[in-house]
Amino acid sequence: MSRRSLRVAATGLSLLALLGLAYLLGRSDSMTAEARAASPVEALAERDVYYPGSEDLGPDEMRIVALGTGMPSARPKQAAACFLVELGNGDKFLFDIGSGCHERLAAQKIPYDFLDKVFFGHLHVDHMGDLPTFWLGGTTMNRLTPLRVWGPSGGTPELGTQHAMELMKQMYAWDIGTRSGVIDFRGGELEVHEFPFDGVNEVIFDENDVVIRSIPAVHGLDGAVSFILEWNGLTFVYGSDTLPNKWYIEHAKGADIAIHECFLPPTLLVTKQGFDPLEALNVGTQGHTSPEQFGKVMSLVEPRLAIGYHFFNDFDTEPDVRSRVRKTYDGPLALAMDYMVFNVTRDDIRVRMSAIDEEVWPSPPLKAKLPPDTANAIPFSEFTKSGALGFPEVVGPIYDEINEIYGTDYEPVFKE
Ligand SMILES: [Zn+2]
Ligand SMILES: [Zn+2]
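Residues numbered from 1 in each chain as written. Chains lettered and ligands numbered in written order. Predicted model: local features only at pLDDT ≥ 70, side-chain atom pairs only at ≥ 80, totals over all residues. Heavy atoms only, no water.

(A) Region of the structure containing helix α13 (residues 318–325). Taken together, the buried positions of α13 are occupied by Glu 318, Val 321, Arg 324 and Val 325. Viewed along the axis of α13, the buried residues span an arc of 135°, placing them on a single side of the element. Looking at the buried residues of α13, the elements they touch are α10 (266–273), α12 (291–301) and β14 (333–335). (Buried < 20%, exposed > 50% of the residue type's maximum accessible area, 1.4 Å probe, protein only. Helix = DSSP H or I, 4+ residues; strand = E, 2+ residues; numbered from the N terminus. Arc of directions from axis to C-beta. Contact = heavy atoms within 4.5 Å.)

Right, here's the structure in full:
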């Protein structure tokens, strides 16, 4: 290296040092904050992951958690349709409760007494399949509040929500029979609100400054609807399943959040799911909404954020679906996956994924439990009782242990 080139290098170094010093002096406050954030002993100030149960919800904030974004075909990665909406006033709403979503809901660590309102867009199993586990299983999750359900009428009374719920109660007579006379069964009560499927922007819920309206959807049979929730100047629209339709475009217009199905394109229904081409076209564009149709809907609705769901969202399908949506829509877009979380205020929409604690347990009951209504107890027959083995030498000490801890004098039912 010549003298001249050394000098140039030295000058360059000193210039760099001076620039670096000026940068550090000018940025000393923020650098300190950054250094603190990177400390091995202090919590990060900002987390880009949502940990259920770890964040306050602001008084003007809406939080939406995607708990089921998949299809009727079961898979570990995605449950069927379910979205949880939490509001800063404390209210919580479930929109659809499709097969497989219940464990994702349990992972939110929300006491079940707060989870007492479910709205069905229609009665396909991928939109209501987990209702029984949530309703009756909810009694084992310490829910002591009746479950309230809203759903549309059908083209005939037999195709409506009321009828479906009555038959569901009959179907689970045995399950109810094991519980209703043995535990505080208030959480097993079901309150059904059926509303006309053809109401256009009719109010179906109006409590606590939250208004929910329904609009007709075009899907399957008469008896499918979409929902519009309004609270505190924020509008959330949930399509459930529907073809593009005039009601959605008119009444979802300008919503803060607009959720609409965005089905797999017919090409993927053929190659990934074994449909024949005509079947794929019929299902993918005439029974459901293809990505291109979804984009067209959103280009007319112009929401602050468009959310597409109802497809298997994988590394090899998402780019295809996204590029098809982009043929017809260039606005804000999220293609939902299970556990995607949306924090919405009037100024901001934040989209993150959740980190889930798989070892979740039921939250403790929020109310004092009442004694069971023993009038509802259904006894065993003498036949079944004659088969029970009490094993008093084994069970007696278990009772003794509890009686000693709690100062009780309980005795086993089966003594011999
Ligand atoms: Zn459906
Ligand atoms: Zn569906």
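(B) Representation of the sheet that holds strand β12 (residues 257–261). Taken in spatial order, the 7 strands of this open sheet run β8-β9-β10-β11-β12-β13-β14, and their pairing is mixed. Each edge of the open sheet is held by one strand with a lone partner, namely β8 (202–207) and β14. Across the sheet, the mean angle separating the axes of adjacent strands is 15° when strand polarity is ignored. Bridge count between strand β10 (residues 225–231) and strand β11 (residues 234–238): 5 bridges; the pairing is antiparallel. Its bridge partner lying in β11, Phe 227 is registered against Tyr 238. Of the strands in this sheet, β12, β13 (305–309) and β14 touch α12, which is tilted by about 155° from β12. (Pairing = 2+ DSSP bridges. Axes fitted to C-alpha atoms, helices over the stretch in contact; angles between N-to-C directions.)

(C) Region of interest: the coordination of the zinc ion (ligand 2). Protein coordination at the zinc ion (ligand 2) comes from Asp 126 (OD), His 127 (NE2), Asp 241 (OD) and His 310 (NE2), with a distance range of 2.0 to 2.3 Å. Around the zinc ion (ligand 2) sit 4 donor atoms; with metal-centred angles ranging over 89 to 156°, the donor geometry is irregular. Taken in sequence order, the residues that donate to the zinc ion (ligand 2) follow the motif D-H-x113-D-x68-H. Taken as a pair, the zinc ion (ligand 2) and the zinc ion (ligand 1) show a spacing of 3.4 Å, with Asp 241 coordinating each metal. Of the two residues, Asp 126 sits in helix α4 (residues 125–128) while His 310 sits in the loop between β13 and α13, which places them 184 residues apart along the sequence. Across the pair, exposure class does not vary: Asp 126 and His 310 are buried alike. (Donors = N, O, S within 2.8 Å, 3.2 Å for Na, K, Ca; no water. Tetrahedral: all angles 85-135°; square planar, octahedral: opposite > 155°, others 65-115°.)

(D) Highlighting the coordination of the zinc ion (ligand 1). At this site the zinc ion (ligand 1) is bound by His 122 (NE2), His 124 (ND1), His 219 (NE2) and Asp 241 (OD), with donor distances of 2.1 to 2.3 Å. Within one chain, the residues donating to the zinc ion (ligand 1) are spaced in sequence as H-x1-H-x94-H-x21-D.

(E) Region of interest: the nonpolar core. Grouped together as the largest cluster of nonpolar side chains are 34 residues, with contacts concentrated most on Phe 93, Phe 95, Ile 212, Leu 229 and Phe 236. No other element matches β10, which puts 4 residues into this core. (Core = buried A, V, L, I, M, F, W, Y, C linked by side-chain atoms within 4.5 Å.)

(F) How the structure looks around unusual backbone geometry. A positive phi angle, close to 75°, is found at Asn 142, a residue other than glycine. Tracing the backbone shows Asn 142 in the loop between α6 (137–140) and β6 (147–152). In the Ramachandran plot, Asp 209 falls in the positive-phi region, its phi being about 65° despite a non-glycine side chain. Mapped onto the elements of the fold, Asp 209 is located in the loop between β8 and β9 (210–216). Residue Asp 209 is classed as exposed on the basis of its relative accessible area of 66%.

(G) Local environment of the packing of α12 against α13. Two elements in contact, α12 and α13, have axes whose closest approach is 7 Å; the angle formed by their N-to-C orientations is 45°. On the basis of their axis angle, the class for α12 and α13 is oblique. The interaxial crossing formed by α12 with α13 has right-handed handedness. Of α13, the residues touching α12 (which contributes Pro 291, Glu 292, Phe 294 and Gly 295) are Val 321, Arg 324 and Val 325. In terms of residue class, the contact of α12 with α13 is made up of 4 nonpolar, 1 polar and 2 charged. (Parallel < 35°, antiparallel > 145°, perpendicular 65-115°, else oblique. Left-handed = near helix turned anticlockwise from the far one by under 90°. Nonpolar A, V, L, I, M, F, W, Y, C, P; charged D, E, K, R; others polar.)

(H) Quick look at the pattern of salt bridges. Taken as a whole and judged by the stated rule, the model has 24 salt bridges. Taking the shortest distance from any N to any O, the salt bridge between Glu 230 and Arg 213 comes out at 3.3 Å. With Glu 230 in strand β10 and Arg 213 in strand β9, the pair connects residues that are 17 residues apart, well separated along the chain. Under the relative-accessibility criterion, Glu 230 is labelled partly exposed at 30%. Its relative accessible area of 23% is what places Arg 213 among the partly exposed residues. The salt bridge involving Asp 316 is made with Lys 272; its shortest N-O contact spans 2.9 Å. With Asp 316 in the loop between β13 and α13 and Lys 272 in helix α10, this pair connects stretches of sequence that are 44 residues apart. Given the relative accessible area of 34%, Asp 316 is considered partly exposed. Each of Glu 292, Asp 320, Arg 324 and Lys 327 takes part in a single network of salt bridges with overlapping partners. (Salt bridge = Lys/Arg side-chain N within 4 Å of Asp/Glu carboxyl O.)

(I) Region of the structure containing the side chain of Arg 352. Along the chain, the position of Arg 352 falls in strand β16 (residues 349–354). A distance of 2.8 Å separates a polar atom in the side chain of Arg 352 from a polar atom in the side chain of Glu 55. For Arg 352, the side chain forms a polar contact with the side chain of Asn 343, separated by 3.1 Å. (Polar contact = N/O pair within 3.5 Å; in protein donor to acceptor, adjacent residues only side chain to side chain.)

(J) Seen up close, the side chain of Asp 184. Here Asp 184 lies in the loop between α8 (173–179) and β7 (190–195). For Asp 184, the side chain forms a polar contact with the side chain of Arg 186, separated by 2.6 Å. Separated by 2.8 Å, the side chain of Asp 184 and the backbone nitrogen of Leu 370 make a polar contact. Apart from the residues within four sequence positions on either side, Asp 184 is in contact with Leu 144, Ala 368, Lys 369, Leu 370 and Pro 372.

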